[in-house]
Amino acid sequence: MKKIKFIPPVLVILALAFIVTGCGKLQNENSSVKNNNADSMPSGQNDKTQKQEGIKEAGDQKRYEVKLAGTRIDLQNINSLMPGNVTLAFKLFGLDAKEFVPKDLKITNEKPLHLLVVRDDLTGYQHLHPDYVDERWTVATEIPQSGKYYLYVDIEPVNENPTVLRLPVVIGEPTQKKKFPSISKNFSETLGDLKVMLDVATPIKAKELTKLNFKLTQNNNPVTKIEPYLGSFGHVVALSHTNPDYFEHAHPATQAKPMDGSVKFKAEFPVNGMYTIFAQFNINGQVKTFPITIEVASGNEAQKGQDDDHM
């Protein structure tokens, strides 16, 4: 008969404690993994302890972590919007499902809420500022073409980190024959007698802070009447052609009134690929939008020639 070795009770208790502690640690690690994947859930269902949307400072550039809106945006008539004169009216909710009214949002760039509307082929860009009317954030605009659009709601809640919520919506019918903009020739865009050229001193590479110098001319002369728009001398939003969650919103490093037609920004692009930059300036009392399409290189890959029109 095999003799059973006696194990002291103290050792048994210590062993059990070690096992329980290890299981608890494993459970906590699994919980962390689940929380990191919480973005796949509708935002209104996320636990309040979910990691809030981050914001990365890069000089005068801020990168917001864009979140799919889920249940955080309740857009009125979302399934019946048609092109033409459109009223966008929506309720807005926090991580804890509490409705955001004006007192729940900080004023940033002179407004509590910035609404960016763009079609999924990066055409028809609009920068709007809804008012709080009849218990909804409301703005009237014109959407000339049918298509799938992204609504980016840029906010800084009082009790949350700054965030951008993205809501896809089809207006009329989905986009037909989607075609993204080509690389802008000479990195420039012309509107009438106004021209904006993006001057970059070095090739644009992903994950590197890049200086963007926009040179504004009118009839080939530097624009001297650049006025503040929403508290600064320009605004830049850059959107990726491949991932609608890549969103760069930059404000100029230029603090003094630019008399030479040059407005400088800083930006950092998260990955390589095609981007369209929507640069907005208040010129002679009118806000103008200049879309410029670039290609961002990865690693040591060189930026394609500025004269390449990508035809």
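Only a predicted model underlies this, so the values are computations on that prediction, with no experimental measurement involved.

Conventions and cut-offs
- Residues numbered from 1 in each chain as written.
- Predicted model: local features only at pLDDT ≥ 70, side-chain atom pairs only at ≥ 80, totals over all residues.
- Heavy atoms only, no water.
- Helix = DSSP H or I, 4+ residues; strand = E, 2+ residues; numbered from the N terminus.
- Buried < 20%, exposed > 50% of the residue type's maximum accessible area, 1.4 Å probe, protein only.
- Areas by Shrake-Rupley, 256 points an atom, 1.4 Å probe, with all protein chains shown as cover.
- Polar contact = N/O pair within 3.5 Å; in protein donor to acceptor, adjacent residues only side chain to side chain.
- Contact = heavy atoms within 4.5 Å.
- Salt bridge = Lys/Arg side-chain N within 4 Å of Asp/Glu carboxyl O.
- Phe/Tyr/Trp six-rings, centres within 6.5 Å; stacked < 30°, edge-to-face > 60°.
- Pairing = 2+ DSSP bridges.
- pLDDT = per-residue confidence, 0-100.
- Axes fitted to C-alpha atoms, helices over the stretch in contact; angles between N-to-C directions.

J.: Summarise the overall build of the chain; cite the residues concerned and give the values.
T.: Along its length, the chain carries 1 helix and 21 strands. Residues counted as buried form 44% of the 311 residues belonging to the chain. Element-wise, carbon and sulfur atoms account for 53% of the exposed surface of the chain, whose accessible area totals about 16,800 Å².

J.: Give me the lowdown on the side chain of Gln280, citing residues and values where you can.
T.: Locating Gln280 in the fold gives a position in strand β20 (residues 273–283). A polar contact of 3.0 Å, which involves the side chain of Gln280, links it to the side chain of His127. Looking at Gln280, its side chain comes within polar contact range of the side chain of Thr289, at 2.8 Å.

J.: I'd like a description of the environment of Leu194, backed by residues and values.
T.: You can see Leu194 is positioned in strand β13 (residues 194–199). With a relative accessible area of 6%, Leu194 lands in the buried category. Put simply, Leu194 and Thr217 are 23 residues apart on the chain and 5.8 Å apart in space, counted from C-alpha to C-alpha. Apart from the residues lying within four places of it in its own chain, the contact partners of Leu194 are Glu189, Thr217, Gln218, Val223, Ile283, Lys288 and Phe290.

J.: Give a description of the pattern of salt bridges that names residues and reports values.
T.: Two side chains bearing opposite charge may form a pair once their charged atoms approach each other closely. Evaluation of the coordinates by the stated rule reveals 11 salt bridges. Linking Lys103 and Asp104 is a salt bridge whose minimum nitrogen-to-oxygen distance equals 3.7 Å. With a relative accessible area of 65%, Lys103 lands in the exposed category. Here Asp245 and Arg166 are joined by a salt bridge, their closest N and O atoms 2.7 Å apart. Placement of the pair is Asp245 in the loop between β17 (235–240) and β18 (247–250) and Arg166 in strand β11 (residues 163–171), with a sequence separation of 79 residues. Taking relative accessible area as the criterion, Asp245 reaches 27% and is therefore assigned partly exposed. The class of Arg166 is buried, set by a relative accessible area of 9%.

J.: Talk me through the packing of aromatic side chains; I want residue IDs and the actual numbers.
T.: Under the counting rule described, the total for this entry stands at 9 aromatic pairs. Summarising the aromatic geometry, the rings of Phe214 and Phe265 are spaced 5.4 Å apart at their centres and angled 85° between planes, so their arrangement reads as edge-to-face. Taken together, the residues Phe214 in strand β14 (residues 210–218) and Phe265 in strand β19 (residues 262–267) connect sequence positions 51 residues apart. An aromatic cluster of three or more residues is present, and its members are Phe214, Phe265, Phe281 and Phe290.

J.: I'd like a rundown of the pairing of β11, residues and numbers included.
T.: The element β11 is extensively covered by neighbouring structure, given that 7 of its 9 residues are classed as buried. In this structure, strand β10 (residues 147–155) lies alongside β11, joined through 9 bridges in antiparallel fashion. Of the residues in β11, the one forming a bridge with Tyr149 is Val169.

J.: Let's hear about the confidence of the model for the chain: which residues, and what values?
T.: Here the chain shows a mean pLDDT of 80. Residues at 70 or above account for 75%. Across residues 1–61, confidence stays below pLDDT 50; counting only partners more than four residues off in sequence or on other chains, it has 64 contacts.

J.: Quick rundown of the pairing of strand β5 (residues 84–92)? Include the residues and the values.
T.: Where strand β4 (residues 73–75) meets β5, 3 bridges bridge the pair, whose relative direction is antiparallel. Among the inter-strand pairings, Asp74 is bridged to a residue of β5, identified as Lys91. Taken together, the 7 bridges between β5 and strand β9 (residues 136–143) define a ladder with antiparallel strand orientation. Residue Val86 lies in a different strand from β9, and its bridge partner there is Thr141.

J.: Tell me what's going on with the sheet that holds strand β7 (residues 126–128), and back it up with residues and numbers.
T.: Ordered by their spatial adjacency, 5 strands build an open sheet running β3-β11-β10-β6-β7, and the pairing between neighbours is mixed. Lying at the two open borders of the sheet, with one neighbouring strand each, are β3 (66–68) and β7. Each adjacent strand pair in this sheet contributes to an overall mean axis angle of 25°, direction not counted. Here 3 bridges tie strand β6 (residues 114–119) to β7, and the two strands are oriented antiparallel to one another. Within β7, the position partnered with Leu116 by the bridge is His127.

J.: Pulling in residues and values, what's your account of the environment of Met274?
T.: Considering the arrangement of structural elements, one finds Met274 in strand β20. Between the alpha carbons of Met274 and Thr242 there is a distance of 7.6 Å; along the sequence they are 32 residues apart.

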